[in-house]
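# Residue-level structure breakdown
So the chains spell out like this:
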Amino acid sequence: MTSNTTDAGATGIAQQTPALQTPLSSANQKLRYIDAETAVKIDEQLLSEEGGFSIDQLMELAGLSCAQTVFACYPPSTFGTVLVAAGPGNQGGDGLVAARHLSHFGYRVMLWYPKQGKTELFARLKKQLKNLNVDFVDTDEFVDALEEADVVLDAIFGFSFKGEPREPFKEPLDAMNNESRMEFEARRKVPPIVSIDIPSGWSVDEGNQGGKKFTPQVILSLTAPKHGIKSFTLGPEKIGRHFLGGRFVSDEIEEKFALALPVYPADAQIVDVTGFGEMSPEEAKQKLEEENLYIIYTNDFDYCNHGPLP
Ligand SMILES: NC(=O)C1=CN([C@@H]2O[C@H](COP(=O)(O)OP(=O)(O)OC[C@H]3O[C@@H](n4cnc5c(N)ncnc54)[C@H](OP(=O)(O)O)[C@@H]3O)[C@@H](O)[C@H]2O)[C@@H](O)CC1
Ligand SMILES: [K+]
């Protein structure tokens, strides 16, 4: 990490990264939260004959939004080396796609991918990364990679995670937890963590039970936020940043699941939703009815409240 980054405090948060200013427009804005079961149903609907998507397409868009979130919060000019930790399911696939985009965005990319997904899609995504000379990290090299990284993308477990992490994921996840990271900080800087959907190891519906798992600096929720992250987004400490990605939901799905999603700025794949409150299903239905009465134009370039380009 180069010297113009600020010191990470005990929580490991990069305090003065330019993109990490509180959004100006979050007052009175709200989001619907969903449980793991609803997340699975939405996924199935998108992939159904009616929904018309293939998994490659959804993963590509999800992975692009992950890469954009890392770039918006921790740009490569300062955070040059990213460690992508990818799990065995579709979230791991999001991580592989993100790793490819991050490589093209100018990062040096390290990838820890200890358990390859079963279909040929994962083999192809892996091949694409080999072709880009991404550094593949073995499990016994994970802690060294963590020390070397300027930022970590946590793409290990998503909305299908259950129970307690099993090996080969348990030990590396322990190395990422706050206590180990404080010990780690004594040796060097603590890399900030960007988690996709749910910090890996947290219950998707119940959150960080017992408070023993790591807390990231940034969460990117895909499609809609999950109940388990409320202590992060709505709790009294409000220490991190929250983004929404997965810009592929049709009006029909939005209405069917009463999502009432926020408006994405212009062509962005992510929207900064830090500070947004929780919306009830009734409020969501009312918002959707109101939206049907107006056309919403979104021409501002304002991914992260950077302000206009010079
Ligand atoms: N519509 C959307 O928003 C889209 C979402 N997308 C993304 O997909 C994600 C959901 O993907 P998913 O359903 O494949 O499962 P995911 O959470 O990645 O991994 C579960 C894997 O972990 C394993 N496992 C479970 N528990 C475990 C444990 N305790 N300890 C160890 N292992 C454990 C279990 O394997 P098992 O060991 O049970 O065989 C399973 O393979 C979602 O969060 C989002 O990132 C996009 O790609 C597309 C559009
Ligand atoms: K995760």
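Residues numbered from 1 in each chain as written. Chains lettered and ligands numbered in written order. Predicted model: local features only at pLDDT ≥ 70, side-chain atom pairs only at ≥ 80, totals over all residues. Heavy atoms only, no water.

## Some points on the sheet that holds strand 7 (residues 218-222)
Spatial strand order, 4-3-2-5-6-7-8-9: eight strands in an open sheet with mixed pairing. Looking at the sheet topology across the chains shown, the edges are occupied by strand 4 (135-137) and strand 9 (270-272). On average, each strand axis in the sheet is inclined to that of its neighbour by 20°, with strand direction left out of account. Against the sheet, helix 3 (residues 90-105) contacts strand 2 (81-86), strand 3 (108-112), strand 5 (151-155), strand 6 (193-196) and strand 7, and its axis sits at roughly 160° relative to strand 2. (Pairing = 2+ DSSP bridges. Helix = DSSP H or I, 4+ residues; strand = E, 2+ residues; numbered from the N terminus. Axes fitted to C-alpha atoms, helices over the stretch in contact; angles between N-to-C directions. Contact = heavy atoms within 4.5 Å.)

## As for the packing of helix 3 against helix 4 (residues 120-131)
Taken N-terminus to C-terminus, the directions of helix 3 and helix 4 make an angle of 25°; their axes are 9 Å apart at the nearest point. Classed by the angle they form, the pair helix 3 and helix 4 counts as roughly parallel. Where helix 3 crosses over helix 4, the two elements pack in a sense that is left-handed. From helix 3, Asn90, Gly93, Leu96, Val97, Ala99 and Arg100 reach across to helix 4, where they touch Phe122, Leu125, Lys126, Gln128 and Leu129. For the contact of helix 3 with helix 4, the per-class residue count stands at six nonpolar, three polar and two charged. (Parallel < 35°, antiparallel > 145°, perpendicular 65-115°, else oblique. Left-handed = near helix turned anticlockwise from the far one by under 90°. Nonpolar A, V, L, I, M, F, W, Y, C, P; charged D, E, K, R; others polar.)

## Observations regarding the pairing of strand 5
Of all five residues making up strand 5, five are buried, and the element is well covered by its neighbours. Taking every second residue as pointing to the same face, both faces of strand 5 are buried, with Val151, Leu153 and Ala155 on one and Val152 and Asp154 on the other. Relative to strand 5, strand 2 runs parallel, the two being bridged by five bridges. Along strand 5, the bridge assignment pairs Val82 with Val151. Bridge count between strand 5 and strand 6: three bridges; the pairing is parallel. Considered in strand 6, the bridge of Leu153 is made with Val194. (Buried < 20%, exposed > 50% of the residue type's maximum accessible area, 1.4 Å probe, protein only.)

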